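These are the residues of each chain, in order.
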Amino acid sequence: METPGSQSSLHRANLERVVRAVRLAGSLTQAEIARTTGLSAATVSNIVRELKDGGTVQVTPTSAGGRRARSVSLSGDAGIVIGVDFGHTHLRVAIGNLAHQVLAEEAEPLDVDASSTQGFDRAEELVNRLIEATGVDRSKIAGVGLGVPGPIDVESGTLGSTAILPGWTGIKPAEELRGRLGVPVHVDNDANLGALGELVWGSGRGVRDLAYIKIASGVGAGLVINGKIYRGPGGTAGEIGHITLDESGPVCRCGNRGCLETFAAARYVLPLLQSSHGTDLTMEGVVRLARDGDPGCRRVIADVGRHVGSGVANLCNLLNPSRVVLGGDLAEAGELVLGPIRESVGRYAIPSAARRLSILPGALGGRAEVLGALALALSEMGDSTLLDGTLAAAAPAFT
């Protein structure tokens, strides 16, 4: 048994700090580990050597700032995580290892709004199919990250709004999938997972404060403050789609009038073009036509951008993020939508907040949420199991 404050307990604490830093980042040079953990370069060097000997990490040559360096990542066979992303019209599953490598990924169409049972049946089937295809050892599954298109009540674990997914009323998504797969499951809404995905793999890398704005059938934001997702005490932080823009505007599904969502979400925007472009039009099609020069689609996208920019300006005035990342189908419109967003931010945000803000399209496209689900599983797993082999190998040093 380790005594608090003893040499062995301090050593274990330092091991856990290094492993956690590498696990969350994917890979770091030893200099970056020292900066992240606050440990000395010599201590980091000794710990990395010990972790490498124990099979917990792998070290590969790299360069940093033009100088030779060593990149440290968790061993590829140290464990497995699974990401499951439910969208309103799709299901996407990915399997990755602790070195942040995606081993397999597959998506299929799915009407999530219809039935939670059907959704979980399909998710279970797809997860099992990918596990079989990759040949991974089920005993090495450390956890599952699960994304759903609606707010999760922090206390109960249920979906916080029956208006968003009426077929999921009373369902506890994490509990349901945990019972099917027999492994730990961690759940969050899709906007938060999009933010995590872009933070770890995409346009948010290198920043500590950002907002990920997802525009699809609804409008939501994932907020990252000081490197961590901010959910609020009830789990509903980031519902930017329900900022009121016009008190006399259209009635929103939340019951209020003139929410941002009623001016930007696909369900409200597409009817504006149906008389001229037909009823089969999708947001993906609107973006494609706009990029090809269609004047009606360009006007609609510009209007959406200006409305979203008003919401982003409010966000900047309250939280002052350094970066906003735009996700969803609309992000593919590039400057056709980003320009109007920046215009509104410049008009309505406090100048000092607007000057420090960069607004970028997401780098991950439709994969942001499922990669964020992998990142969630990685962030929630403990480090004790990873250290068992290292500590066992080092045990004689503390006898």
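Residues numbered from 1 in each chain as written. Predicted model: local features only at pLDDT ≥ 70, side-chain atom pairs only at ≥ 80, totals over all residues. Heavy atoms only, no water.

Description of the packing of helix 4 (residues 116-134) against helix 5 (residues 173-181)
- At a minimum axis separation of 11 Å, helix 4 and helix 5 run at an interaxial angle of 45°. With respect to helix 5, the element helix 4 is oriented oblique. The interaxial crossing formed by helix 4 with helix 5 has right-handed handedness. In contact with Thr117, Phe120, Asp121, Glu124, Val127 and Asn128 of helix 4, helix 5 contributes Pro173, Glu176, Leu177, Arg180 and Leu181. (Axes fitted to C-alpha atoms, helices over the stretch in contact; angles between N-to-C directions. Helix = DSSP H or I, 4+ residues; strand = E, 2+ residues; numbered from the N terminus. Parallel < 35°, antiparallel > 145°, perpendicular 65-115°, else oblique. Left-handed = near helix turned anticlockwise from the far one by under 90°. Contact = heavy atoms within 4.5 Å.)

Here's the deal with the side chain of Gln30
- Within the secondary structure layout, Gln30 lies in helix 2 (residues 30-37).
- Among the residues examined, Gln30 registers a relative accessible area of 17% and is labelled buried.
- Sequence-distant contacts of Gln30, defined by excluding residues within four places in its chain, comprise Val44, Ser45, Val48, Arg70 and Val72. (Buried < 20%, exposed > 50% of the residue type's maximum accessible area, 1.4 Å probe, protein only.)

Some details on the environment of Leu364
- Relative to the helices and strands, Leu364 resides in the loop between strand 13 (358-361) and helix 14 (368-380).
- Note: C-alpha distance between Leu364 and Leu386 (22 residues apart in sequence) is 29 Å.
- The residues contacting Leu364, other than those within four sequence positions of it, are Gly197, Glu198, Trp201, Gly202 and Leu371.

Here's the deal with the sheet that holds strand 6 (residues 102-109)
- Sheet architecture is open: five strands sit in the order 6-5-4-7-8, paired in mixed fashion. Strand pairing shows two members of the sheet lacking a second neighbour, strand 6 and strand 8 (185-189), which therefore form its edges. Pairwise comparison of adjacent strand axes, ignoring direction, gives a mean angle of 15° for this sheet.
- With five bridges connecting them, strand 7 (residues 141-148) and strand 8 associate as parallel partners. Bridging across to strand 8, Gly147 finds its partner in Asp188.
- Against the sheet, helix 6 (residues 190-201) engages strand 7 and strand 8, with an angle of about 100° to strand 8.
- Along the sheet face, helix 14 touches strand 4 (80-86), strand 5 (90-97), strand 6, strand 7 and strand 8 and points at about 135° away from the line of strand 4. (Pairing = 2+ DSSP bridges.)

So, the packing of aromatic side chains
- Summed over the entire model, instances satisfying the criterion amount to three aromatic pairs.
- Look at Phe86 and Trp168: their rings are 5.3 Å apart centre to centre, the planes differ by 80°, and that puts the pair in the edge-to-face class. Residue Phe86 is found in strand 4, and its partner Trp168 is found in the loop between strand 7 and helix 5; the two are separated by 82 residues along the sequence. Of the two residues, Phe86 and Trp168, neither departs from the other in class, the shared state being buried.
- When the ring of Phe120 is compared with that of Trp168, the centres are 5.1 Å apart and the planes differ by 50°; the resulting orientation is tilted. Taken as a pair, Phe120 in helix 4 and Trp168 in the loop between strand 7 and helix 5 lie far apart in primary sequence, 48 residues in all. As far as burial versus exposure is concerned, Phe120 and Trp168 are alike and both buried.
- One aromatic cluster in this structure is built from Phe86, Phe120 and Trp168. (Phe/Tyr/Trp six-rings, centres within 6.5 Å; stacked < 30°, edge-to-face > 60°.)

Here we look at the UniProt feature "domain: HTH marR-type" (unreviewed entry) in the chain
- According to UniProt, the positions carrying the feature "domain: HTH marR-type" (unreviewed entry) are residues 18-68.
- Regarding residues 18-68, the helix share stands at 57% and the strand share at 24%, and the terminal C-alpha atoms are separated by 21 Å. (UniProt positions renumbered as here; feature names shortened; annotations may be inferred.)

Re a nonpolar patch on the surface
- Taken together, Ile225, Tyr230, Leu318 and Leu319 make up a surface patch of nonpolar side chains, about 400 Å² in accessible area.
- Tracing the backbone shows Tyr230 in the loop between strand 11 (228-229) and helix 7 (261-264).
- With relative accessibility at 40%, the residue Tyr230 sits in the partly exposed group. (Patch = residues over 30% accessible without salt bridge, like charges linked within 9 Å, V, L, I, M, F, W, Y side chains within 5 Å. Areas by Shrake-Rupley, 256 points an atom, 1.4 Å probe, with all protein chains shown as cover. Salt bridge = Lys/Arg side-chain N within 4 Å of Asp/Glu carboxyl O.)

Quick look at unusual backbone geometry
- Of note in the backbone geometry, His100 takes a positive phi value of approximately 65° without being a glycine.
- Looking at the element boundaries, His100 is found in the loop between strand 5 and strand 6.
- Overall, His100 belongs to the buried group, its relative accessible area being 12%.
- Within the chain, Asn320 stands out as a residue other than glycine whose phi angle is a positive 55°.
- Checked against the element boundaries, Asn320 lands in the loop between helix 11 (295-319) and strand 12 (323-327).
- Taking relative accessible area as the criterion, Asn320 reaches 42% and is therefore assigned partly exposed.

Describing helix 2
- Those residues of helix 2 not exposed but buried are Gln30, Ile33, Ala34 and Thr37. With its buried residues spanning 100° around the axis, helix 2 presents them on a single face. Opposite the packed face of helix 2, turned more than 90 degrees from it, sit the exposed residues Arg35 and Thr36.
- On the buried face of helix 2, the contacting elements are helix 1 (7-25), strand 1 (28-29), helix 3 (41-53) and strand 3 (67-74).
- Among the residues trailing helix 2, Gly38 stands out with phi positive, at a value near 80°. (Arc of directions from axis to C-beta.)

Structural notes on the nonpolar core
- If you look at the biggest cluster of nonpolar residues, it comprises 44 residues, and the most contacted ones within it are Val18, Ile33, Leu51, Val72, Leu74, Leu98 and Leu210.
- When residues in this core are grouped by element, the largest group, nine residues, is from helix 14.
- Other than its neighbours up to four places away in sequence, Val18 contacts Ile33, Thr37, Leu39, Ile47 and Leu51.
- If you look at the next biggest cluster of nonpolar residues, it comprises 41 residues, including Ala266, Cys316, Ala331 and Leu338. (Core = buried A, V, L, I, M, F, W, Y, C linked by side-chain atoms within 4.5 Å.)

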